[in-house]
Number of protein chains: 2
Amino acid sequence: MATVEELKLRVRELENELIKCKQKQNAMEDAHNQALNRPKIDKMSAEVVDSNPYSRLMALKRMGIVEDYEKIRTFSVAVVGVGGVGSVTAEMLTRCGIGKLMLFDYDKVELANMNRLFFQPHQAGLSKVEAAEHTLRNINPDVAFETHNYNITTLENFTHFMDRISRGGLEDGMPVDLVLSCVDNFEARMAINTACNELGQIWMESGVSENAVSGHIQLIVPGETACFACAPPLVVAANIDEKTLKREGVCAASLPTTMGVVAGLLVQNVLKYLLRFGTVSYYLGYNAMQDFFPAMTMKANPQCNDRHCRRQQEEYKKKEATQPKVEVVQEEEEVVHEDNEWGIQLVSEVSDSELQAATGARPDLPEGITVAYTIPAQDAAAGDTVEETEQSLEDLMAQMRKL
Amino acid sequence: MATVEELKLRVRELENELIKCKQKQNAMEDAHNQALNRPKIDKMSAEVVDSNPYSRLMALKRMGIVEDYEKIRTFSVAVVGVGGVGSVTAEMLTRCGIGKLMLFDYDKVELANMNRLFFQPHQAGLSKVEAAEHTLRNINPDVAFETHNYNITTLENFTHFMDRISRGGLEDGMPVDLVLSCVDNFEARMAINTACNELGQIWMESGVSENAVSGHIQLIVPGETACFACAPPLVVAANIDEKTLKREGVCAASLPTTMGVVAGLLVQNVLKYLLRFGTVSYYLGYNAMQDFFPAMTMKANPQCNDRHCRRQQEEYKKKEATQPKVEVVQEEEEVVHEDNEWGIQLVSEVSDSELQAATGARPDLPEGITVAYTIPAQDAAAGDTVEETEQSLEDLMAQMRKL
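To keep things clear, this report deals only with the structure shown in the data block. Nothing here was measured: the structure is a model prediction, and the numbers come from that model.

**A few points about the sheet that holds strand β2 (residues 100–104) of chain B**
Residues and elements named next belong to chain B.
Piece 1. Spatially, 8 strands are ordered β3-β2-β1-β4-β5-β6-β7-β8 in an open sheet, and the strand pairing comes out mixed. Each having just a single partner strand, β3 (144–148) and β8 (295–296) make up the two edges of the open sheet.
Piece 2. One ladder, built from 4 bridges, connects strand β1 (residues 76–80) with strand β4 (residues 178–181); its direction is parallel. Along β4, the bridge assignment pairs valine 79 with leucine 180.
Piece 3. Its contacts with the sheet place helix α5 (residues 155–167) against β1, β2, β3 and β4, and it is angled at close to 170 degrees to β2.
Piece 4. Sheet strands touched by helix α6 (residues 186–199): β1, β4 and β5 (203–208). Its angle to β5, the strand with the most contacts, is close to 170 degrees.

**A short note on the relation of the copies chain A and chain B**
Piece 1. When chain A is fitted onto chain B, the two copies agree to an RMSD of 0.5 Å after a turn of 180 degrees and an axial shift of 0.3 Å. Expressed as an axis order, the relation between the two copies is that of a two-fold axis. Rotation axis and chain A: the residue whose C-alpha lies nearest the axis is valine 261 of chain A, separated from it by 2.3 Å.

**Overview of the sheet that holds strand β4 (residues 178–181) of chain A**
Residues and elements named next belong to chain A.
Piece 1. One open sheet accounts for 8 strands, arranged β3-β2-β1-β4-β5-β6-β7-β8; its pairing is mixed. A strand with exactly one partner marks an edge of an open sheet, and here the two such strands are β3 (144–148) and β8 (295–296).
Piece 2. Looking at chain direction, strand β2 (residues 100–104) and β3 are connected through 5 bridges and run parallel. Considered in β3, the bridge of phenylalanine 104 is made with histidine 148.
Piece 3. The strands touched by helix α4 (residues 128–139) within the sheet are β2 and β3, with β3 carrying the most contacts at an inclination of about 170 degrees.

**Observations regarding the packing of helix α5 (residues 155–167) of chain A against helix α6 (residues 186–199) of chain A**
Residues and elements named next belong to chain A.
Piece 1. Between α5 and α6, the least distance of the axes is 11 Å, while the angle of their chain directions is 50 degrees. Between α5 and α6, the angle is such that the two are oblique. Every pair of crossing elements has a handedness; the one defined by α5 and α6 is right-handed. Here Phe158, Phe161, Met162, Ile165 and Ser166 of α5 come into contact with α6, specifically with Ala191, Ile192, Thr194, Ala195, Glu198 and Leu199.
Piece 2. Here the residues of the contact of α5 with α6 are counted per class, giving 8 nonpolar, 2 polar and 1 charged.

**Comments concerning α4 of chain A**
Piece 1. For α4 of chain A, built from 12 residues, the straight-helix expectation of 16 Å at 1.5 Å per residue is met to within 8% by its first-to-last C-alpha distance of 16 Å.
Piece 2. Among the residues of α4 of chain A, Lys128, Val129, Ala131, Ala132, Glu133, Thr135, Leu136, Asn138 and Ile139 of chain A are the ones counted as buried.

**Examining the interface of chain A and chain B**
Piece 1. Opposite the 101 residues of chain A that make contact, chain B presents 100 residues.
Piece 2. Carbon and sulfur atoms supply 65% of the area buried between chain A and chain B, which totals about 9300 Å² over both sides.
Piece 3. Inspection of the region where chain A meets chain B yields 6 salt bridges.
Piece 4. Among the ionic pairs, lysine 22 of chain A bridges to glutamate 17 of chain B, the shortest N-O distance being 3.0 Å.
Piece 5. For the pair chain A and chain B, the interface holds 36 residue pairs in polar contact (both at pLDDT 80 or more).
Piece 6. Among the secondary structure elements, those contributing two or more residues to the side of chain A that touches chain B are α1 (4–36), α2 (55–62), α3 (86–96), α4, α7 (242–247), α8 (256–275) and β7 (283–287) of chain A.

**Some details on the pairing of strand β6 (residues 214–220) of chain B**
All names here are of chain B.
Piece 1. For β6, the buried fraction is high: 7 of the 7 residues fall into the buried class.
Piece 2. Of the two faces of β6, the one holding Ser214, His216, Gln218 and Ile220 and the one holding Gly215, Ile217 and Leu219 are both buried throughout.
Piece 3. Here β5 pairs with β6 via 6 bridges, running antiparallel. Along β6, the bridge assignment pairs glycine 207 with histidine 216.
Piece 4. If you look at the hairpin formed by β5 and β6, you'll find 5 residues sitting between the two strands, and alanine 212 has a positive phi there, around 75 degrees.
Piece 5. Sheet topology places β6 next to strand β7 (residues 283–287); 5 bridges connect them, and they run antiparallel. Across the sheet, residue isoleucine 217 finds its bridge partner in β7, namely leucine 284.

**Brief notes about the environment of lysine 100 of chain A**
All names here are of chain A.
Piece 1. Locating lysine 100 in the fold gives a position in strand β2.
Piece 2. Accessibility expressed as a relative area gives 10% for lysine 100, which makes it buried.
Piece 3. Separated by 70 residues in the primary sequence, lysine 100 and leucine 170 place their C-alpha atoms 6.2 Å from one another.
Piece 4. There is a polar contact of 2.8 Å between the side chain of lysine 100 and the backbone oxygen of glycine 168.

Reading guide: rules and limits
Residues numbered from 1 in each chain as written. Chains lettered and ligands numbered in written order. Predicted model: local features only at pLDDT ≥ 70, side-chain atom pairs only at ≥ 80, totals over all residues. Heavy atoms only, no water. Pairing = 2+ DSSP bridges. Helix = DSSP H or I, 4+ residues; strand = E, 2+ residues; numbered from the N terminus. Contact = heavy atoms within 4.5 Å. Axes fitted to C-alpha atoms, helices over the stretch in contact; angles between N-to-C directions. Least-squares fit on C-alpha atoms with pLDDT ≥ 70 in both. Parallel < 35°, antiparallel > 145°, perpendicular 65-115°, else oblique. Left-handed = near helix turned anticlockwise from the far one by under 90°. Nonpolar A, V, L, I, M, F, W, Y, C, P; charged D, E, K, R; others polar. Expected span 1.5 Å × (residues − 1). Buried < 20%, exposed > 50% of the residue type's maximum accessible area, 1.4 Å probe, protein only. Buried area = accessible area lost by both parts, 1.4 Å probe. Salt bridge = Lys/Arg side-chain N within 4 Å of Asp/Glu carboxyl O. Polar contact = N/O pair within 3.5 Å; in protein donor to acceptor, adjacent residues only side chain to side chain.

Here you go:
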């Protein structure tokens, strides 16, 4: 039987231990909270102090590059696909202080993604949009985030996706300013294309090849430039659905370098488009083996199989005929860079033997640009292998028509 | 006076509270530890499973791009400057599974750095090398890290820097395989140049312009290609020491896009150089306004003011005369890309009026390439302004000779 003195001693011991435990807990919580937050900033300032996260961006004004950098806060951008390119794209836009980011992905973070920037090992198992939002909000709490953890290609989700990009802008009920495609398969690209054609939504495409050493970005203005159904999407090498590859126990190669460069070129194009500086690229390729960067534009195809694309083309023609020339219209009519002062020319990029790997008819493409992205075979469930993907262009076009 | 019963009750309460506190603390520590670690991996595997962080890199082998990807683990790279370009460079190399990374920087993380990738707000106040090592080790514990929190340009630190890059390779006592310059000022670039000339150490330069919309990377092989003292460093626009700018209450502009692209091009060049694939670029520029990418090479200058550069040139000549032609030697003798199958040509990038901003004599540079980086005036302490930096090339060269 304990004495009162013994019990009193024990109480003191326990009280002290509890104080220490709580102190440590508070310290851990403080560290955790500190890690999570910087205070929100109401108005972007150009003040040059170490504590201002926007000083280097606002300096673009003083440097004569951007007329009104603060305008970045009025824009909303949807990023579809938060993988190797999409996650870095979202991070760059977040650090630039974009008004609102809408993220779509249905994948989970895996350790197998650690060879690209952005996600960290402790996030393995989390949904990509959830993990990304947590990191991005931490980096810049001034950005508004909206995330959707679903596959946009199912009928129900597609309807919701259309609704969100057409009414989920910064001002409720208004469309987003730009949709960015950072997906890794044909189906999702086609879904984005279909939605943007119907809505007349300007968007940008991006992609990297399955061998990890080339990529591209592309601006698509419905009715003006070629849409995804007007011509097969272009990239310097074939790209294959990751899911198809996984079934075969193989995977596409990827590099943080190529994906970082493509994301950088994409977001640079976004900034130039939204903030109106420099020349916005319609198509810009990146061949890492040779450090070669082809540029081009393609007009919309009047025989496009997407009726909304044809409708947009009609509307564009009418607008062009009745309105005074608009900036964007002028640019579209020219082959990009043809008359620029730098004398950039499109030169051969892919060898003839590579082009001949596709044995069918070829569309009228500039030399050096080849057709990319495998269109899933009709019996896609049977599991395509890498070898089976070298279909002729004719086959590809025929299949695309059936879609 | 408390009764025995009351005291016993108090002991039970405290014991319960303490158990709860410790449980919570353990949970927090578990979460913390989990966040910090993935287990080390002894041998890189190409197995396609979600838990393999190297599957997408090892796939480069199967894709026919890289012969032996695992060799990446045998290389060590020093990164000088862990800012907007250097931090992303270090992250890319870490995710690629480089053997060893040596980081040099003396700056602290600030909220003003949050417009570039990598650092996060909760790291503000930490030294850049310390914060970077923590994040990078977390991302890939297989990489060996060595960090130095000092300015390499002071005499004592410079000696230590020389020692570490010449003897701090993966195998102790051996040099690193490559030094990467990711610094933001002339002095530090010159220090790296001096060290690499003396040691015959191959290195790569990188830079972004103060207006944030152009950048470059450059491979420097002492004795073969032009060093930093052979000709003023080249970039598409002038770059100014951040410290100088800060004194005036202004700062250089920067963008996560441009810095991400430059880091991506730099590390891609590093991978191509170390793993022997594709064509290594000697000089690659990035003009974001026009999406233009000039390429070129420059031979070493026999009248270079750096005696170690002249010695390296002599040694290179001897080696060239006596040895059977080595791969690298052949490449060096040609103007890069002159005979490549892609037909890349160097074309005009900067307008004549921009070139004429430098009123003195000009070196024999290809059209479109202009001289960059301000050399601090002799009375640097007086505080240079942006306006004062448009010195003539003659002045720049004269000042450089005095250094």
